[in-house]
Amino acid sequence: MTSETSPSDDRVNGAGSSAEAAVPLHVAFVMDGNGRWATRQGLPRLAGHRAGIAHVERVVGMLKHRGVRYMTLYMFSTENWKRSKEEVDGIFELLADWLTHTGPRLRDSGVSLRHLGRRQPLPAALLAALDRACADCGADDGFVLAMAVNYGGRAEIVDAVKAVLPRAEQGLQVDEAAISNALYTAGMPDPDLLVRPGGEVRLSNFMLWQAAYAELYFSPVLWPDFGEDEIDRALHAYAQRQRRFGGL
Ligand code: FPP
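None of these values were measured; they are calculated from a predicted model.

### Points about helix H6 (residues 124–134)
Residues Leu126, Leu127, Ala129, Leu130 and Ala133 constitute the buried set of H6. Taken end-on, H6 shows its buried residues confined to a sector of 160°, consistent with a single buried face. Of the exposed residues in H6, the ones pointing more than 90 degrees away from its buried face are Ala124, Ala125 and Arg132. Buried positions along H6 lie against helix H5 (85–108), strand E3 (111–116) and strand E4 (143–151).

Structural data, given as structure tokens:
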């Protein structure tokens, strides 16, 4: 758990029992493979990002249907600014457009949206779209989709330490709970399962703190093609794992 204030769910506290572990409460995904998906079809990379963002709603539906309650999606890292300006601008436009058109429908279907990451230097139009989409999504009693945009695991820990330090000077005890509660993910359970489609076998600065005991699943299938069969394969692999959290 990242927080003492995390929602109550028997599965949150019940690590160890195979029945409780069967369906992960929180699945985190790296949105990887959009560009290669497009290139393989002779399309510009942005066509892959368009296909990738359009795929998100389908994955949310699949996870909801299978009893998952939280999904975090790594959509743009603090390092992705190194890509061409054309690609970065295009990604932000696609994302703002998607938030505007799909955000209300997701919300109507009980999905709360949340942004994880640094706001600056994201463009104002994207921030406004994020704010609109995430507004009025307070009660996390349905399904939560957390969008990691301008997110870096190391930056998040730095930001948390900066938030905790002044309070430490006031006497706050600096322990794991204090750091967890200062992360962007405060109030969310840690991911049980972290899935990276697209063939790479690394975290690339994603959820470095929260993934301490996540089960990892890597697949060569590219994100826009990561459909029902792939989701079920990942969930099946998770259900086979023995989570020990350091115990026996
Ligand atoms: C991490 O690998 C992957 C991500 C942070 C996701 C990147 C996805 C996009 C930029 C497309 C998003 C599109 C929309 C429309 C939101 P990495 O490639 O950053 O790191 P690596 O070089 O270590 O593999």
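### Considerations on the packing of H5 against H6
The interhelical angle for the contact between H5 and H6, taken along N-to-C directions, is 15°, at an axis separation of 9 Å. Considering their axes alone, H5 and H6 lie roughly parallel with respect to each other. Every pair of crossing elements has a handedness; the one defined by H5 and H6 is left-handed. For the pair H5 and H6, the contacting residues are Phe92, Leu95, Ala96, Leu99, Thr100 and Arg107 in the first and Ala125, Leu126, Ala129, Leu130, Arg132 and Ala133 in the second. Tallied by class, residues from the contact of H5 with H6 come to nine nonpolar, one polar and two charged.

### Details of the site of the ligand
Looking at the ligand, there are 14 residues lining it, with Met75, Asn80, Arg196, Arg202 and Ser204 nearest. Between the ligand and Arg202, the relevant distance is 3.0 Å, taken from an oxygen atom to a side-chain nitrogen or oxygen of the residue. Protein contacts shield 86% of the accessible area of the ligand, which totals 620 Å² for the unbound molecule. For the shell around the ligand, the secondary-structure elements that each account for two or more residues are helix H4 (45–65) and strand E2 (70–77). With three residues, the top contributor of residues to the shell around the ligand is E2. Grouping the amino acids of the shell around the ligand by side-chain chemistry returns six nonpolar, five polar and three charged.

### Concerning the nonpolar core
Within the largest apolar cluster, 44 residues are counted, with the highest numbers of intra-cluster contacts made by Phe29, Val56, Met71 and Leu145. A total of eight residues in this core trace back to one element, the largest contributor, which is H5. Discounting chain neighbours no more than four positions away, the residues touching Val56 are Met31, Met71, Leu73, Trp98, Leu145 and Trp223. If you look at the next biggest cluster of nonpolar residues, it comprises 18 residues, including Tyr70, Ala146, Tyr151 and Ala211.

### Here's the deal with the pattern of salt bridges
Going through the model one piece at a time under the given rule, you end up with 15 salt bridges. Two residues, Arg83 and Glu87, come together in a salt bridge whose shortest N-O distance is 3.2 Å. What makes Arg83 partly exposed here is its relative accessible area of 36%. With a shortest N-O distance of 3.0 Å, Arg243 and Asp192 are connected by a salt bridge. Here Arg243, found in the segment after helix H9 (228–240), pairs with Asp192, found in the loop between helix H8 (176–180) and strand E5 (193–196); they are 51 residues apart in sequence, far enough to count as distant. The residues Arg243 and Asp192 share a single accessibility class, namely buried.

### Here we look at the side chain of His55
Along the chain, His55 falls in helix H4. Looking at His55, its side chain comes within polar contact range of the main-chain oxygen of Trp223, at 3.5 Å. Contact partners of His55, with chain neighbours within four places excluded, come to Met62, Trp223, Pro224, Phe226 and Gly227.

How each quantity is defined
- Residues numbered from 1 in each chain as written.
- Predicted model: local features only at pLDDT ≥ 70, side-chain atom pairs only at ≥ 80, totals over all residues.
- Heavy atoms only, no water.
- Buried < 20%, exposed > 50% of the residue type's maximum accessible area, 1.4 Å probe, protein only.
- Helix = DSSP H or I, 4+ residues; strand = E, 2+ residues; numbered from the N terminus.
- Arc of directions from axis to C-beta.
- Contact = heavy atoms within 4.5 Å.
- Axes fitted to C-alpha atoms, helices over the stretch in contact; angles between N-to-C directions.
- Parallel < 35°, antiparallel > 145°, perpendicular 65-115°, else oblique.
- Left-handed = near helix turned anticlockwise from the far one by under 90°.
- Nonpolar A, V, L, I, M, F, W, Y, C, P; charged D, E, K, R; others polar.
- Near = heavy atom within 4 Å.
- Polar contact = N/O pair within 3.5 Å; in protein donor to acceptor, adjacent residues only side chain to side chain.
- Areas by Shrake-Rupley, 256 points an atom, 1.4 Å probe, with all protein chains shown as cover.
- Core = buried A, V, L, I, M, F, W, Y, C linked by side-chain atoms within 4.5 Å.
- Salt bridge = Lys/Arg side-chain N within 4 Å of Asp/Glu carboxyl O.

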